[in-house]
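Architecture at a glance
Each chain, written out:
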Amino acid sequence: MNNPKDWLVFKNTHEAIIDEGTWETVQKIRDGKRRPSRLGEMGMLSGMMFCADCGAKLYQVRGKGWTHDKEYFVCATYRKKKGMCSSHQIRNVVVEQLLLEDLRRVTSFAKDHEQEFIRIVMNNSEKELAKELRQSQKEYEQAQTRIADIDKIIRKLYEDNVMGKIPEERFYKMSAEYEAEQKALEERITKLKHTIDTANEQSLNTDRFLALVKKYTEITELDAEIIREFIDKIIVFKAEKIDGRRTQRIQIFYNCIGAIDLPN
């Protein structure tokens, strides 16, 4: 059997059975793992909520006999390892309300100010790509430097072993550790190089998002299909007290355009 690394893939040589946007939406639904709970229910937002501090998914909490307004999400790290993160607890109805309001705001702006919307999205995209490119380039250079340093260390270990300065067992243990680190760095470099090579070619598909906006005349309520079509993920921040009131922020990342700030 041929190793997948040796496969040659030629894209867009046949007419697609379904369009790319539909395909990606279906994959998001599959990846979201919206599995029924022990109560036989399936949350619209399951698998899409993430902790702003530790990056873990937020876990859906519901109980038998609970009304929907009592259901909430909590950080999976906090739930499994007390003290490793704060709860980031947020009720379903709060997220759904904020999500619906922002979705209606973004889609309305996209419909009424299409050219301005495209300009904002593309400007945001260029900033994000530039930031990612800088970070990747820095990490790439650091990894290359470390690989060169490891080469020198391994050569020195070999010389010390030949001259009897270090025991044979110690030599093999240390060289194995450095070689493992070097291999991991080389694999990381390959991924970083791909990121760097393709960063300038990437562009967010505003046309696809605008087509999706035009598909819905008005969004009055949320359902799983609308959420999966429009939303990539939702980041939940730790609640804070501001002027004596509990305040909690979320950040919404949309499919095709990412997180976006629009003028009021």
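Located above this text is the structure these notes cover.
In what follows, the accompanying structure is described.

Cut-offs applied
- Residues numbered from 1 in each chain as written.
- Predicted model: local features only at pLDDT ≥ 70, side-chain atom pairs only at ≥ 80, totals over all residues.
- Heavy atoms only, no water.
- Salt bridge = Lys/Arg side-chain N within 4 Å of Asp/Glu carboxyl O.
- Buried < 20%, exposed > 50% of the residue type's maximum accessible area, 1.4 Å probe, protein only.
- Helix = DSSP H or I, 4+ residues; strand = E, 2+ residues; numbered from the N terminus.
- Pairing = 2+ DSSP bridges.
- Axes fitted to C-alpha atoms, helices over the stretch in contact; angles between N-to-C directions.
- Contact = heavy atoms within 4.5 Å.
- Lys, Arg positive; Asp, Glu negative; His and termini not counted.
- Polar contact = N/O pair within 3.5 Å; in protein donor to acceptor, adjacent residues only side chain to side chain.
- Patch = residues over 30% accessible without salt bridge, like charges linked within 9 Å, V, L, I, M, F, W, Y side chains within 5 Å.
- Areas by Shrake-Rupley, 256 points an atom, 1.4 Å probe, with all protein chains shown as cover.
- Arc of directions from axis to C-beta.

Turning next to the pattern of salt bridges. This model, assessed by the stated rule, comprises 10 salt bridges. Across the salt bridge formed by Glu71 and Arg62, the nearest N and O atoms sit 3.3 Å from each other. Classification of Glu71 by relative accessible area gives buried; the value is 6%. Of the charged contacts, one joins Asp102 and Arg105 as a salt bridge, the two residues approaching to 2.7 Å between their closest N and O atoms. Of this pair, Asp102 and Arg105 both sit in helix H3 (residues 92–112), 3 residues apart, roughly one helical turn. For Arg105, a relative accessible area of 34% translates into the label partly exposed.

Our focus in this paragraph is the sheet that holds strand S1 (residues 49–51). Pairing between sheet strands relies on hydrogen bonds along the backbone, with the strands arranged either parallel or antiparallel. Judged by pairing direction, the sheet is mixed, and its 3 strands sit side by side in the order S1-S5-S8 without closing on themselves. Here the strands that pair on one side only, and so sit at the sheet edges, are S1 and strand S8 (250–254). Put simply, the sheet's adjacent strands are angled 25° from each other on average, direction ignored. Pairing between strand S5 (residues 231–236) and S8: 5 bridges, direction antiparallel. By the bridge assignment for S8, Ile234 is matched with Ile252. Across the sheet, H3 lies against S1, S5 and S8, angled at about 50° from S8, the strand it touches most.

Topologically, Glu96 is positioned in helix H3. Here Glu96 occupies a buried position and makes no salt bridge, while the nearest side chain of opposite charge, Arg62, is found at 7.3 Å. Here the side chain of Glu96 touches His68 through a polar contact of 3.0 Å, side chain to side chain. Setting aside anything within four residues of it in sequence, one finds Glu96 in contact with Met44, Leu45, His68 and Leu222.

Next up on the list: a nonpolar patch on the surface. The grouping of Tyr158, Val162 and Met163 at the surface amounts to a nonpolar patch, some 370 Å² of accessible area in total. Position of Met163 relative to the elements: it lies in the loop between helix H4 (114–162) and helix H5 (168–199).

Turning our eyes to something else, we now look at the sheet that holds strand S3 (residues 72–75). What the 3 strands build is an open sheet, ordered S2-S3-S4; its pairing is antiparallel. A strand with exactly one partner marks an edge of an open sheet, and here the two such strands are strand S2 (58–61) and strand S4 (90–91). Looking at chain direction, S2 and S3 are connected through 4 bridges and run antiparallel. Pairing of Tyr59 across the sheet is with Val74, part of S3.

Turning to helix H6 (residues 206–215), its buried residues are Thr206, Phe209, Leu210, Leu212 and Val213. Buried residues in H6, looked at end-on, bunch into an arc of 155°, giving them a common side. Facing away from the buried side of H6 by more than 90 degrees, the exposed set consists of Asp207 and Lys214.

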